[in-house]
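# Descriptive structure summary
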Amino acid sequence: LEGNDEMLVGNPQNNFTVAGNYKLSQKGSISPSLMWCSATKAYTELDTLGEPVLNTVDGCLLANLMLRFEKLPIRNMNIDFGVYDILDQRYPYIEPYNGYYPPFPGGSREIVLKVKYMFKLKE
């Protein structure tokens with residue numbers, strides 16, 4: 001990026017992620033995670049002369065939470081239940097070149113239910 005050799009167009013200069021897992025019991029655990037991205041510089045429009053305009057796109061904080069249940073009455077089965085983007089930030093997808101388009105909004109809050117069953121084949 002002109003004037004800052006350590007920053008790329010369309011990419012946050014700083015990104016911080018923290019994730020953890022806490023065992024609630026023998027059969028369950030909880031896994032929270034947070035991801036913070038700093039503001040990003042991007043060419044998101046043209047001025048009245050048709051020249052690209054370098055703008056700042058706000059950073060965001062994404063929070064996720066997953067619950068896992070295992071060792072259920074049905075052997076070899078796990079159930080995961082979670083929420084992605086709890087704060088409904090809609091992480092912006094930014095073009096890393098002079099595309100002149102505003103950021104595309106990411107997906108909204110997502111609720112997930114995963115049921116896993118592990119089959120064992122006889123040898």
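Below, the structure is looked at part by part. (Residues numbered from 1 in each chain as written. Predicted model: local features only at pLDDT ≥ 70, side-chain atom pairs only at ≥ 80, totals over all residues. Heavy atoms only, no water.)

We now examine the overall build of the chain. Regarding its fold elements, the chain presents 0 helices and 10 strands. Along the chain, helices (α) and strands (β) appear in the sequence β-β-β-β-β-β-β-β-β-β when read from the amino end. Rg of the C-alpha trace for the chain: 21 Å, well past the compact-globule value of 14 Å for 123 residues, more than 25% over. Considering the chain as a whole, with its 123 residues, one finds that 23% of them fall into the buried category. Long-range pairs, those at least 24 residues apart, make up 51% of the contacts in the chain between residues at least 6 apart in sequence. Of the roughly 9100 Å² that the chain leaves accessible, carbon and sulfur atoms contribute 57%. Side chains of the chain give 12 positive and 14 negative charges; the mean places of these two sets differ by 26 Å. (Helix = DSSP H or I, 4+ residues; strand = E, 2+ residues; numbered from the N terminus. Rg over C-alpha atoms; globule rule 2.2 N^0.38 Å. Buried < 20%, exposed > 50% of the residue type's maximum accessible area, 1.4 Å probe, protein only. Contact = heavy atoms within 4.5 Å. Areas by Shrake-Rupley, 256 points an atom, 1.4 Å probe, with all protein chains shown as cover. Lys, Arg positive; Asp, Glu negative; His and termini not counted. Charge placed at Lys NZ, Arg CZ, Asp CG, Glu CD.)

Here we come to the side chain of Asp80. Summarising the element assignment, Asp80 is placed in strand 7 (residues 77-84). Note on Asp80: relative accessible area 5%, which makes it buried. Ignoring any residue separated from it by four or fewer positions in sequence, one finds Asp80 in contact with Met66, Leu67, Arg68, Val112, Leu113, Lys114 and Lys116.

Bridge count for strand 4 (residues 40-46) against strand 5 (residues 52-57) is 6 bridges, and the pairing is antiparallel. Counterpart to Ala42 in the pairing with strand 5 is Asn55. In this structure, the hairpin formed by strand 4 and strand 5 is closed by a connection of 5 residues, where Gly50 is found at a positive phi of approximately 85°. (Pairing = 2+ DSSP bridges.)

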